Amino acid sequence: VCGILGLLLGDAGHDVASEICEGLSLLQHRGQDACGIVTCGPKGRLYQCKANGMVRDVFDDVSISRLKGEMGIGHVRYPTAGSSNHAEAQPFYVNSPYGIVLAHNGNLIHSDSLLHFMDAVAHRHINTSSDSELLLNIFANNLQQTGKFRINEDDIFTAIGELMKQCKGAYACVAMLAGFGIIAFRDPNGIRPVGMASRKTSCERRDYVIASESIVADAGGFSDWEDVRPGEAVIITRAGVSRKHVAEPATFAPDIFEYVYLARPDSVLDGVSVYRSRMAMGDALAEEVRKVLTTKGLTVDVVPDTSRVAALNLAQKLQLPYREGFVKNRYVGRTFIMPGQQMRRKNVRKKLNAMALEFSGKNVLLVDGKYSIVRGTTSKEIIQMAKDVGARKVIVASCAPPIRHSNVYGIDMPSRTELVAYRRTTEEIAEAIGADLVIFQTLPDLVASVRQLNPSIETFDCSVFTGEYVTGGVDEAYLTRIELLRADHIKNKLVQGQLEAKDNREVAFRERGPAIGSGGPVNGADDSVGLHNTWHAT
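Residues numbered from 1 in each chain as written. Predicted model: local features only at pLDDT ≥ 70, side-chain atom pairs only at ≥ 80, totals over all residues. Heavy atoms only, no water.

Peer 1: Which residues make up the pattern of salt bridges, and what values do they have?
Peer 2: All chains considered together, the criterion is met by 27 salt bridges. Here Arg-199 ties to Glu-19 by a salt bridge, and the two come within 2.7 Å at their closest N and O atoms. On the criterion of sequence distance, the pair formed by Arg-199 in strand E9 (residues 195-200) and Glu-19 in helix H1 (residues 17-26) is long-range, its members being 180 residues apart. The class for Arg-199 is buried, based on a relative accessible area of 16%. For Glu-19, a relative accessible area of 21% gives the class partly exposed. (Salt bridge = Lys/Arg side-chain N within 4 Å of Asp/Glu carboxyl O. Helix = DSSP H or I, 4+ residues; strand = E, 2+ residues; numbered from the N terminus. Buried < 20%, exposed > 50% of the residue type's maximum accessible area, 1.4 Å probe, protein only.)

Peer 1: I'd like to hear about the confidence of the model for the protein, residue by residue, with values.
Peer 2: Taken over all residues, the pLDDT of the protein has a mean of 87, while the share at 70 or more is 85%. Residue range residues 335-339 is modelled with pLDDT below 50. Its contacts to residues more than four positions away, or to other chains, number 22 contacts. A low-confidence stretch, residues 493-526 stays under pLDDT 50, and its non-local contacts, those more than four residues away or across chains, total 25 contacts. (pLDDT = per-residue confidence, 0-100. Contact = heavy atoms within 4.5 Å.)

Peer 1: Summarise the pairing of strand E10 (residues 206-211); cite the residues concerned and give the values.
Peer 2: Burial within E10 is extensive, with five of its six residues counted as buried. Examined bridge by bridge, strand E1 (residues 3-8) and E10 share four bridges and lie antiparallel to one another. Within E10, the residue paired with Leu-7 across the bridge is Val-209. Here E9 runs beside E10; their pairing, made up of six bridges, is antiparallel. (Pairing = 2+ DSSP bridges.)

Peer 1: How would you sum up the sheet that holds strand E3 (residues 46-52)? Please name residues and give values.
Peer 2: Strands sit in the order E3-E2-E4-E1-E10-E9-E11 across an open sheet of seven strands; the sheet is antiparallel. Strands with a single pairing partner mark the edges of an open sheet, and in this sheet they are E3 and strand E11 (223-227). Each strand axis lies, on average, 10° off the axis of its neighbour in the sheet, ignoring direction. (Axes fitted to C-alpha atoms, helices over the stretch in contact; angles between N-to-C directions.)

Peer 1: A description of the state of the cysteines should follow, citing residues and the corresponding values.
Peer 2: Working definition of a disulfide: a covalent bond connecting the sulfur atoms of two cysteines. Under the counting rule described, the total for this entry stands at zero disulfides. With no disulfide partner, Cys-49 has as its closest neighbouring cysteine sulfur the one in Cys-35, 7.7 Å distant. (Disulfide = S-S within 2.5 Å.)

Peer 1: With reference to specific residues and values, describe the side chain of Thr-471.
Peer 2: Counting through the fold element by element, Thr-471 comes out in the loop between helix H16 (463-466) and helix H17 (476-486). According to the relative accessible area criterion, Thr-471 is buried, its value standing at 15%. Among residues more than four places away in sequence, those in contact with Thr-471 are Ile-109, Lys-168, Gly-169, Asn-189, Ile-191 and Tyr-409.

Peer 1: So what about the packing of aromatic side chains? Which residues, and what values?
Peer 2: A complete count under the given rule lists six aromatic pairs for this structure. Residues Tyr-171 and Phe-185 carry aromatic rings whose centres are separated by 6.3 Å and whose planes lie at 65° to one another, so their mutual orientation is edge-to-face. Placement of the pair is Tyr-171 in strand E7 (residues 169-177) and Phe-185 in strand E8 (residues 181-186), with a sequence separation of 14 residues. According to the relative accessible area criterion, Tyr-171 is buried, its value standing at 0%. Ring geometry for Tyr-409 and Tyr-469: centres 6.2 Å apart, planes at 70°, overall edge-to-face. Here Tyr-469 lies in the loop between H16 and H17 and Tyr-409 lies in the loop between strand E21 (393-398) and helix H14 (426-433), a separation of 60 residues in the sequence. Neither Tyr-409 nor Tyr-469 differs from the other in exposure class; each is buried. Connected via pairs of aromatic rings, a cluster forms that spans Phe-139, Tyr-171 and Phe-185. Sitting over the ring of Phe-92, Lys-50 keeps its end group 4.9 Å from the ring centre. Positioned above the aromatic ring of Phe-149, the side-chain terminus of Arg-150 is 4.3 Å from the ring centre. (Phe/Tyr/Trp six-rings, centres within 6.5 Å; stacked < 30°, edge-to-face > 60°. Lys NZ or Arg CZ within 6 Å of the ring centre and 35° of its normal.)

Here you go:
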């Protein structure tokens, strides 16, 4: 899962970089592996800074000051396809035609045939294993077909329409054409979110923002947030905004896990308040918990703070005390999006500390809305922590049904065999994670919790629960291939190899003396191609 952001300022003479950086920090929950910004300055010159790491680590005052221009795009990344290589940090750039930069959230599901097309027909070199670079080159190749010295908005809409015929999967994208403007488009099923907003400037012009979540617009003082519709393309220049539906009709099916876990609670996606949807999930889960506890003849003494919004509503509905059972270290990243099982397990205890006062001698109900019953790593550690400080029984209630299938639309879920619910009954899941009982939300209740806030959404992508993929084109051979790439033991080998390569490059870099900045293409210690990367430039 990734976060994307684009910004165009209406007033001349102001740089966008610092505001894009602030916006990316608000999207940091969507990816902690890498981040980047590319801006467009005078005469269409592009400026880039991107690297592995979190926003606060990659960008400082010096690097931001080097990013000139009144429009730009940014990205925070967690890899779902490809690797964690520094060269795969986004945005990606291609110089021909016209100078295009693109940032992408999602995943293409038939990249092999597209790669063959790029090689055999379009004669374009794809430098990384990222499908985001592939998507950029498909867009660029479609624009190239115009053969024009200068293109117009109709040419761009046509190129994106052709792209949507060629590409299958989930993609929410923001792009920038050098000296022209910024562009957003969303796949025909609207699986991944993206929206836009504007604000009035002191000179009575308008600034425009494009982002994965509405929180970026709220924090920046933008108003009139609108979602980019499925299959729609939006072009923003200083002259104004043009919007056009460019794809053939398809089922609108946003990913329901945006509401369960991925998005910030203070965001609104496709007309649905994430906060209110999680409140509704807690209400619905309370009824399921009441039913199961009554059947089992069990009682609960306390609901500790785990998934705050859903847990609080559940506790109120069941008239149970809600307590601060775990103290959180806010400076440890999300364990779900950390690479490698060992790192996730290690960081759970760094992130949470159980308060014995709230657990000792009690039957506790842990409400999981935080995605931890995926591999079972986080939930197993949390349950053990509760038992270590004296909990008599630990019951886990999940805001989502059991996850038994791979996600192919941009969430880096493990292989099916690494899913704790794979081929296990509810009782076997409880045993695997050390709980006395596990209660899952039913799928109809989950869907109803979100849909009641926007009845116009008739269906959601629930493929991780059902194994039904809205785009089609997902077969067993494809699932097996992506599982080989995503398995933890494979990722650990990739990460180790990249760390060793990084150490070797840094030694070589120190030995060769000071670097000389360049405005043209470079192949240096940063592995980037096409634009000078100002990260750690001297």
